[in-house]
Each structure stands twice: as structure tokens, then as C-alpha cells.
Amino acid sequence: MCGIVGIVSNQPVSNRLVEGLTRLEYRGYDSAGIAVVNGQGIVRRRSPGKIINLQHVLDDAPIEGTCGIAHTRWATHGKPNMENAHPHQAGNVAIVHNGIIENFKILREELAREGHVFATQTDSEVIAHLIQHHLDKGMDEESAFLACFERLEGAYAVAALVGKDNQTLYAARHGSPLVVGFGTGEMFVGSDAFALAPFTKRVLYLEEGDSAVVKIDDVCVRDKSGQVVTREILTASISAVMAEKGNYRHFMEKEIHEQPEALARTMAAYMDQETDLPSLGNAAPLLKNADRLVAIACGTAYLAASVGKYWFEGLAGVHVETDIASEFRYRTPALPQNGTALFISQSGETADTLAAMRYCNRANLGTIGVLNAPESSIARETNAVMRTLAGPEIGVASTKAFTAQLAVLAMSAIGTAQLRGHMSEDEARTHVKALEQLPELAQKALTVKDQCEAIAPILAGAKQTFFIGRGVYYPLALEGALKLKEVTYLPAEGYAAGELKHGPIALIEDGTPVVVIAPSDKLLEKTISSVEEVAARGAKIIAITDEAGAEQFKDRTEHIIVLPDMPGLCGPIISAIPLQLLAYYTAHKLGTNMDQPRNLAKSVTVE
Ligand code: M6R
């Protein structure tokens, strides 16, 4: 999950390479670098850390050329230092790579025996040496580039400068996304259309196994068999301006506050204005007729799937299995004959989710992507796409994407229940009416932000924090803990409230914060019993509840975050907001970079 940009132009490209790279920093920020071809051949500048460091290097030692490649790295093989920063160079070849070359050790040994000297510990460097090896054998540039992929195993998106030619970029993809952008008198390659948005919206998505020879005004694409193919040129929907911070200090803060609009847009997309019932588009038959559903995702998206399971089973009576994508793909799952698989993903590029989707496609399941990125790999390969209209999410922490995923799953569960005759139209309308209040409820929920900021020092000073919930609030407890860990680096655990007594309660000490997510529902009494158990052992209770629930908590803690009453399925969606705010303000208190937490990347396009 690194970011790649390439430009071939009549004009100097360095500044724009860095600009494009800045828009890919969400993919990784361990190191950054650019390479251009000019009269002296290939020249590189690289730096460990963020793109701003690369910019400083370029300010001190500018380079110019009209053809270049750039990279921002999320380290997999080799430390995140200068030496391992891309682009990697071997003779007259420079490459940038996103993915993992699984057989790099064997290739490296082979090439070393032939005299190639390696300068890095990365798997990627072998690509540059392989291409140079083919040039040394007398192949022309394109053949040398293409021949290299015959030997590579694993996943890659690669952009390369080959030879002394400053009129051509070479690109290829297998398992990692890559787009080609069409400008006027210049062409681009990028990890996604978002990186190219300041330059062009006209893009072509390379398909699995495609390679491309990109010239100033043209591109020649070949498929995996080497045949020249035509790929459709599309207009990317993403706009450059949507990714600014505006008046907010951080993207995470901005994106938390965008939830009312994100929910309004998403809800509008799934409402049939004539019938007031859910409108599920071409996902409807796949949901209506499936014997069983499988919901597969990673991280926060997996927790959205886990909430969805309660809704689909509770309302539609359809059996749902949830799976973490990285587990699903290697455990030989027993799949239903007539099943439908849902893949939930903000980016639509998460490598494990993508691989799980391909597995289900091969197994002839119906496949539905619940996706925020409409042009992503998963979007292009599933039978049906249900979009979350959260808008671009730049902060690494999933916030508005999560609540938008929940809104889509809620509408889908209601629609499925009604389509399968498990729910009357009137009942379905009542549920939809409740969900229509989401934007307003989200707006009200945001008013607890000062309270969350006031509670943040408790979490910031704690050795560890527990999040507990029951029923549909259990996945929310997991999400609260994930969010806190991710942006503050503090230990946090999420548990089903009733499970605490089976082990984790041993960790409760005097003053241990326990965040309880418990709006009033039929399980509130039970959750209160768990609260009593931890309070008796010294836990400091922080309750997230509604007016009715607050009554139950008032003698048990002074820290009660009161949300508005949340009808129907709104509860888990709105309850996510104070969890996000608690994580945000705790990170702010500790001074961590919550938009780009250490070791993480927004889009995980490697296994
Ligand atoms: O793009 P995806 O939704 O597929 O990403 C899945 C996870 O990597 C993601 O939700 C991750 O857990 C978030 N950073 C959590 O906030």
C-alpha cells in the first residue's frame, strides 16, 4: 500500500509529481522519492519520512525532467529508511512499486550471481535489476519491461523509467491498482484517480495483468496475454477540492463533522421516493433470493459487517456469516450453493477483501460491494455495487465511511426483510422513517464533543481502556477500542459486556476507564449488571447512552454522554460518533498525528 505517480510531459514534472504524491500520502508515509530522466539520464531524490521531507530535499537540490515517477512508501520489506526509499535504480532503470514480490529472494540470488549489486533490503529493487538484466541481454525497452513480469510472483503495481528515453513511462499491474490519466500534451499514471485529480479526470483503469506504454499523447495497453487491448476512458468522479481540510485542524475532525451530510446523501440514494421503501438497485435480487449471506471485510468495515449481521438476522431472518477477509481467504470456507457475499470496504482496494471477493466470484456466489470508492477494483468486479456516499475520506481512521456503511446495511436489511416477506411494507416504512432522522440525530450527537474533549484526559492518562456493549452495541465496543488504539497508540480492548466475567475483568484496577455503550434497549438491564461488576472493582465508568438510559447510569457515574433518542436502527450509527470524538480528542491531547498514525496506511493493498 504505497502510492505511485508518473508523468510524461512537454513540461517539467517534479513539482507535479510531488503534488500528486501528496494526495497519496494516505497510502503510506514511511519514505518518499522521485526520479526523472533528463540529459544526465536518471536522477533521483529520496527521503525517509513524509513527503514534506522529500520537498525539503528537492528545495535544496532540485531536479528537472519531463518524464518522471514518484512514490510514497508503506514499508513491508526493509526498514523505513532512506536506503529503502523508492524509486529503486539499477543502471538505466528506475522503478516504483506497490505490492509484494513474493519470490524476490530467489530472483535476487540469481541476479547477484550474474553480478547485480543490490543497494536495499526491499523486495521491490529486484524489479529494476530484472529489467536491466533484460536490457543487458539486448532486449528493447518495452520487451525488457514486459519480460520482467514473467518472473514475478506476488502483487504489484509498477511504474518505470527504462533506458534514456524521456518520452515514455512504463506501467503494469497485477493485484494492485493503477490508473492511466489523459492530459493535454501529457499523460499520467497513478495509484488512484484521486492522485491525478489536480491534472485530469479522464482516466483508464488498468485491469489485472495489464501493462501500458505511456507516451506524451497516447497509451498502448496490453492484456496479460500480450494482446493490445482497448480499455474504456472514464471520467473520474472525484474532485480535487473535496480533499481539503477547510476550517478544521485535522481530516479526522472534519470527517467526523461531515457525518450529517454523508448520512443524508447515503440515505437519499437508497430511498424510493414514491413508495418510501428501501431501493436496493441491482443488489435487490441477490439479497432477496440468497439462502445465506456472507459478509466479509477488514478492520472497521468488518465491524460494520458485524452490526449488519444483527440487522439481517433480526429483521430478515436470513443467516449471515461474518468473516475477516484475511481469515476467510485461507480457511476453505464452506460456501452456500445459492449464497450472496457482501464485501464492505471504504477504499474498495483492500487486498484481503479483494482476494476474498475473487474467491466468491469463482465459487459462483452473488457478490455485492458496499463501497465508498466507486471506481475501485472491488467495484469493477462485483455483481452489484451499493455505494456509501461519504465522500473522500482522507484521515486513516474510518469515521464517516463507517456510519455510511451502517446506513447502507440498515437500509439493505430492511429492504431484504420486506422483499423476503419477513416484514410488511408498513413496518418497513416505519423503519425507513426512523432512519431518515439520521442526519439530524448525527448533528445533535456532535454537540457532545465538548464533553468528549473533557473526558479525553481520563483516557489519555489511563494504562488501558475497556469498551463494552451488548447485542448490536458489542461491535460498537470493538470499534471504540479500535479507534482509540489506532489514533492514540494506547492499549484498549472491546468486549461483549457479558463476556467480561470470563477473563478480562481480571484486568480492571482502581480507576480503569470502562466506556459502556448502552442506549436504552431490551439489553440495557443486562449491561448495567456488567457495569456493576466492573464498578465494584474500581472501574471508572463512562456511559454513552440516551435520555432513558441516563436515568439508569446517574447513580453509577458522573461521566454520562447523553445522545438524543435514537429510534429503530439509528442507535449503533449515532453511537459511533462519541466513540470517534473520544478517540479524536484523546489523540489531540496526546499530540499524536491522528490523520496519519504511525505504522498505518489508509488503503491496505498488500496482504
Ligand atoms: O478500505 P477498507 O474499508 O477496506 O479498509 C479496511 C480497514 O483497513 C479500515 O477500516 C481500518 O481498520 C481503519 N483504518 C480503521 O479506522
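Residues numbered from 1 in each chain as written. Predicted model: local features only at pLDDT ≥ 70, side-chain atom pairs only at ≥ 80, totals over all residues. Heavy atoms only, no water.

Draft legend 1. Summary view of the packing of aromatic side chains. Taken as a whole and judged by the stated rule, the model has 7 aromatic pairs. Geometrically, the ring pair formed by Phe328 and Tyr359 is edge-to-face, given 5.5 Å between the ring centres and 75° between the ring planes. Taken together, the positions of Phe328 in helix α11 (residues 325–328) and Tyr359 in helix α12 (residues 351–362) put the pair 31 residues apart, joining distant regions of the chain. What makes Phe328 buried here is its relative accessible area of 0%. You can call Tyr359 partly exposed: its relative accessible area is 23%. (Phe/Tyr/Trp six-rings, centres within 6.5 Å; stacked < 30°, edge-to-face > 60°. Helix = DSSP H or I, 4+ residues; strand = E, 2+ residues; numbered from the N terminus. Buried < 20%, exposed > 50% of the residue type's maximum accessible area, 1.4 Å probe, protein only.)

Draft legend 2. Representation of unusual backbone geometry within the structure. Cis geometry marks the peptide bond from His86 to Pro87; its omega dihedral reads -5°. By the secondary structure assignment, Pro87 is in the loop between β4 (67–73) and β5 (88–90). In this structure, Thr332 takes a positive phi of about 45° despite not being glycine. Mapped onto the fold, Thr332 is located in the loop between α11 and β20 (339–345). For Thr332, a relative accessible area of 66% gives the class exposed. Here Tyr489, not a glycine, exhibits a phi torsion of approximately 65°, which is positive.

Draft legend 3. Up close: the site of the ligand. Close to the ligand lie 13 residues, the nearest being Ser345, Gln346, Ser347, Thr350 and Glu486. Between an oxygen atom of the ligand and a main-chain N or O atom of Thr300, the distance comes to 3.2 Å. Within the contact set of the ligand, an oxygen atom lies 2.8 Å away from a backbone nitrogen or oxygen of Ser398. The protein chains hide 90% of the 410 Å² of surface that the ligand would expose on its own. At a threshold of 2 Å from the grid points, most atoms of the ligand map onto the largest pocket. For the shell around the ligand, the secondary structure elements donating two or more residues are α10 (299–316) and α18 (474–488). (Near = heavy atom within 4 Å. Polar contact = N/O pair within 3.5 Å; in protein donor to acceptor, adjacent residues only side chain to side chain. Areas by Shrake-Rupley, 256 points an atom, 1.4 Å probe, with all protein chains shown as cover. 1 Å grid on protein atoms, 1.4 Å probe; cavity = no way out; pocket = protein on both sides within 12 Å on 5 of 7 lines; lining within 4 Å. Sits in = over half its atoms within 2 Å of the grid points.)

Draft legend 4. Structural detail: the packing of helix α3 (residues 104–113) against helix α4 (residues 125–136). Axis separation between α3 and α4 bottoms out at 10 Å; the angle between their running directions is 40°. Judged by the inter-axis angle, α3 sits oblique to α4. Of the two possible hands of crossing, α3 and α4 adopt the one that is left-handed. Two secondary-structure elements touch here, α3 through Phe104, Leu107, Arg108 and Leu111 and α4 through Glu125, Val126, His129, Leu130 and His133. (Axes fitted to C-alpha atoms, helices over the stretch in contact; angles between N-to-C directions. Parallel < 35°, antiparallel > 145°, perpendicular 65-115°, else oblique. Left-handed = near helix turned anticlockwise from the far one by under 90°. Contact = heavy atoms within 4.5 Å.)

Draft legend 5. Representation of the sheet that holds strand β27 (residues 559–563) within the structure. Pairing is parallel across the open sheet formed by 5 strands, whose spatial order is β24-β23-β25-β26-β27. Strands with a single pairing partner mark the edges of an open sheet, and in this sheet they are β24 (492–496) and β27. Taken over all neighbouring pairs, the strand axes of this sheet differ in orientation by 20° on average, direction set aside. Bridging between strand β25 (residues 513–517) and strand β26 (residues 540–546) involves 5 bridges; their strand directions are parallel. Each residue of the ladder has a partner; that of Pro513, found in β26, is Lys540. Lying on the sheet, α18 is in contact with β23 (465–469), β24 and β25; it crosses β24 at an angle near 175°. (Pairing = 2+ DSSP bridges.)

Draft legend 6. Quick peek at the layout of surface pockets. The space that makes up the largest pocket amounts to roughly 650 Å³. Along its surface, the largest pocket is lined by 30 residues, and Cys298, Gly299, Thr300, Lys602 and Val604 are the ones closest to its centre. For the lining of the largest pocket, the secondary structure elements donating two or more residues are α10, β20, α12 and α18. The element best represented in the lining of the largest pocket is α18, accounting for 4 residues. Residues belonging to the lining of the largest pocket are distributed by class as follows: 12 nonpolar, 10 polar and 8 charged. Counting only domains with at least three residues in the lining of the largest pocket, you end up with domain 2 (273–433) and domain 3 (437–607). (Points joined across faces, edges and corners; volume = space filled by probe spheres on them. Nonpolar A, V, L, I, M, F, W, Y, C, P; charged D, E, K, R; others polar. Domains from an automatic or database assignment.)

Draft legend 7. Structural detail: empty space enclosed by the protein. Inspection of the entire model under this criterion finds 3 cavities of 30 Å³ or more. When its volume is computed, the largest cavity comes out at roughly 60 Å³. Taken together, Cys2, Arg73, Trp74, Ala75, Thr76, His77, His86, His97, Asn98, Gly99, Asp123 and Ser124 make up the lining of the largest cavity. Of the residues forming the lining of the largest cavity, the biggest block, 3 residues, is contributed by strand β6 (residues 93–101). In the lining of the largest cavity, the residues fall into 3 nonpolar, 7 polar and 2 charged.

Draft legend 8. Examining the domain arrangement of the protein more closely. Taken domain by domain, the protein consists of domain 1 (3–247), domain 2 (273–433) and domain 3 (437–607). Of note, the centres of domain 2 and domain 3, computed from C-alpha atoms alone, are 25 Å apart. Per-residue buried area on domain 2 facing domain 3 is highest for Leu303, Tyr310 and Val396; these three make up 26% of the total on that side. Our count for the domain 2 to domain 3 interface comes out at 0 salt bridges. Here domain 2 is connected to domain 3 by 6 residue pairs in polar contact (both at pLDDT 80 or more). Sorting the residues of the side of domain 2 that touches domain 3 by element identifies α10, α12, α14 (400–419) and α15 (425–435) as the ones contributing at least two each. A total of 8 residues in the side of domain 2 that touches domain 3 trace back to one element, the largest contributor, which is α10. (Buried area = accessible area lost by both parts, 1.4 Å probe. Salt bridge = Lys/Arg side-chain N within 4 Å of Asp/Glu carboxyl O.)

Draft legend 9. Looking closely at the sheet that holds strand β7 (residues 154–162). As summarised here, the arrangement of the 7 strands in space is β5-β6-β7-β8-β12-β13-β14, forming an open sheet in which the pairing is antiparallel. Both outer strands of the open sheet, β5 and β14 (228–229), are each paired with one neighbouring strand and no more. Here strand β8 (residues 168–174) runs beside strand β12 (residues 211–215); their pairing, made up of 5 bridges, is antiparallel. Following the sheet pairing, Ala172 is matched in β12 by Ser211.

Draft legend 10. Seen up close, the pairing of strand β1 (residues 3–9). With 7 of its 7 residues buried, β1 lies for the most part within the structure. Burial along β1 is two-sided: the residues Gly3, Val5, Ile7 and Ser9 and Ile4, Gly6 and Val8 are all buried. Here β1 runs beside β4; their pairing, made up of 6 bridges, is antiparallel. Opposite Gly6, over in β4, you have Ile69 as the bridge partner. Examined bridge by bridge, β1 and strand β10 (residues 186–190) share 5 bridges and lie antiparallel to one another. Residue pairing for β10: Ser9 is matched across the bridge by Glu186.

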